Amino acid sequence: MKNALFNTRLAGKLAAASCAALLTACAATTPALDANFGNAVRQARSDQTLNPTASANRDPVLGIDGRAGAAAQERYQESFKSPPRTFEITNIGGGLNGD
């Protein structure tokens, strides 16, 4: 009799624990975080944008013509292919004897 009562109580406790485990599996764990996910990045991008409608401006840039701009771009691209020659500077700031 004692053994049957123990088994019944154990079965009830196991059933309650398994129901609780099943119910917690369906609950959202981070509803507040998920609702605001990405807001910080969107706000930072918005804060760093000087003129959000800049792409709608089709006026040409003043102060440089097409040939000069193309030449500048070409020089910029070439600077990565063959960087300028470097040289060594020695003895800056005085002589070896403390002068």
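### Let's talk about the overall build of the protein chain
1) Next: A tally of regular secondary structure across the protein chain gives 4 helices and 0 strands.
2) Next: The order of α-helices and β-strands along the protein chain, N terminus first, is α-α-α-α.

### Quick look at the packing of aromatic side chains
1) Next: The full count for this structure, using the stated rule, is 1 aromatic pair.
2) Next: On the numbers, 5.1 Å between centres and 85 degrees between planes, the contact of Y76 with F80 is edge-to-face. One end of the pair is Y76 and the other is F80, both in helix α4 (residues 66-81) and 4 residues apart, which spans about a single turn.
3) Next: Residue class for Y76 comes out partly exposed when judged on its relative accessible area of 47%.

### A short note on the confidence of the model for the protein chain
1) Next: Counting all residues, the mean pLDDT for the protein chain is 78, and 75% of those residues have values of 70 or more.
2) Next: Taken element by element, the predicted model of the protein chain shows its lowest mean pLDDT in helix α1 (residues 2-26) (72) and its highest in helix α3 (residues 39-47) (92).

Each value, and the rule that gives it
Residues numbered from 1 in each chain as written. Predicted model: local features only at pLDDT ≥ 70, side-chain atom pairs only at ≥ 80, totals over all residues. Heavy atoms only, no water. Helix = DSSP H or I, 4+ residues; strand = E, 2+ residues; numbered from the N terminus. Phe/Tyr/Trp six-rings, centres within 6.5 Å; stacked < 30°, edge-to-face > 60°. Buried < 20%, exposed > 50% of the residue type's maximum accessible area, 1.4 Å probe, protein only. pLDDT = per-residue confidence, 0-100.

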